[in-house]
Amino acid sequence: MNQTKIISRILFYICTLLSAGYLITFVYSVLCLVTGFSITPYKDGQYLHINYPFTEKPFLNIENNYPYIIFSFLAVLISYGIFFWLSAKVFKVFFQPKLFTKDHIQQLKRFYLYNIFIPLPLVIAASFFVEVESIIWGLVFIHFMLGIFCLFLANIFKQGLHLQNEQDLFI
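Residues numbered from 1 in each chain as written. Predicted model: local features only at pLDDT ≥ 70, side-chain atom pairs only at ≥ 80, totals over all residues. Heavy atoms only, no water.

As named in an unreviewed UniProt entry, the protein chain is DUF2975 domain-containing protein, taken from Chryseobacterium rhizosphaerae.

Next comes the structure, spelled out in structure tokens:
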């Protein structure tokens, strides 16, 4: 179990860092797009550079149209920021001294609900406004399967909580 705790702790920190990166990029991008701060249009205004803060050096390159900005850029940043935040919380479960708790089951539940019910509707909505590449449908399927796996895990944890309350199990 020590190996699991080490790996889960490492993955917790990686996912926390990735989540912070996505969410900070999302907030910075929204700030830039709303205010025009640190934005450089190019190719006759067809594309935009979102520059690194207080520089003219490009950080992100995006198309300059609202459907793309909303569905192919901002929605991706926020949804993966949330995904990695929820992933970090799931990995945190596995290095706690007491594994089977109601809070841990709740973390698993949030993760599986997000993965089962968010990607597909988001991509379907986006498909009405922007072209969705075939690989994206594969990612939706992977998120769905990840959600189902986590649903099974949450159910195992519920059973473990029940048994723990009877026998006080610790891992």
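Back to the text.
This part is about the layout of surface pockets. Estimates place the volume of the largest pocket at around 500 Å³. Phe 71, Val 76, Val 123, Val 132 and Ile 136 are the residues nearest the centre of the largest pocket, which is lined by 23 residues in total. Looking at the lining of the largest pocket, the elements that each hand over two or more residues are helix H2 (66-93), helix H4 (119-127) and helix H5 (134-167). Empty space within the second largest pocket amounts to approximately 180 Å³. Together, Cys 15, Phe 83, Ser 87, Val 90, Phe 91, Phe 94, Phe 111, Leu 146, Phe 149, Cys 150 and Leu 153 line the second largest pocket. Broken down by secondary-structure element, the contributors of at least two residues to the lining of the second largest pocket are H2 and H5. A class-by-class count of the residues in the lining of the second largest pocket yields 10 nonpolar, 1 polar and no charged. (1 Å grid on protein atoms, 1.4 Å probe; cavity = no way out; pocket = protein on both sides within 12 Å on 5 of 7 lines; lining within 4 Å. Points joined across faces, edges and corners; volume = space filled by probe spheres on them. Helix = DSSP H or I, 4+ residues; strand = E, 2+ residues; numbered from the N terminus. Nonpolar A, V, L, I, M, F, W, Y, C, P; charged D, E, K, R; others polar.)

The next point concerns the UniProt feature "transmembrane region" (unreviewed entry) in the protein chain. Under the present numbering, the feature "transmembrane region" (unreviewed entry) in UniProt falls on residues 12-39, 68-91, 111-129 and 135-157. Segment residues 12-39 splits into 86% helix and 4% strand. End C-alpha atoms: 34 Å apart. With 100% helix and 0% strand, residues 68-91 has its two end C-alpha atoms placed 33 Å apart. (UniProt positions renumbered as here; feature names shortened; annotations may be inferred.)

This next bit is on the environment of Tyr 80. Mapped onto the secondary structure, Tyr 80 falls in helix H2. Considering only alpha carbons, one finds Tyr 80 and Leu 113, 33 residues apart in sequence, at a separation of 15 Å. Other than its neighbours up to four places away in sequence, Tyr 80 contacts Tyr 22, Leu 139 and His 143. (Contact = heavy atoms within 4.5 Å.)

Within the secondary structure, Asn 115 sits in helix H3 (residues 102-117). With a relative accessible area of 1%, Asn 115 lands in the buried category. Side chain to side chain, Asn 115 and His 143 meet in a polar contact 2.6 Å long. (Buried < 20%, exposed > 50% of the residue type's maximum accessible area, 1.4 Å probe, protein only. Polar contact = N/O pair within 3.5 Å; in protein donor to acceptor, adjacent residues only side chain to side chain.)

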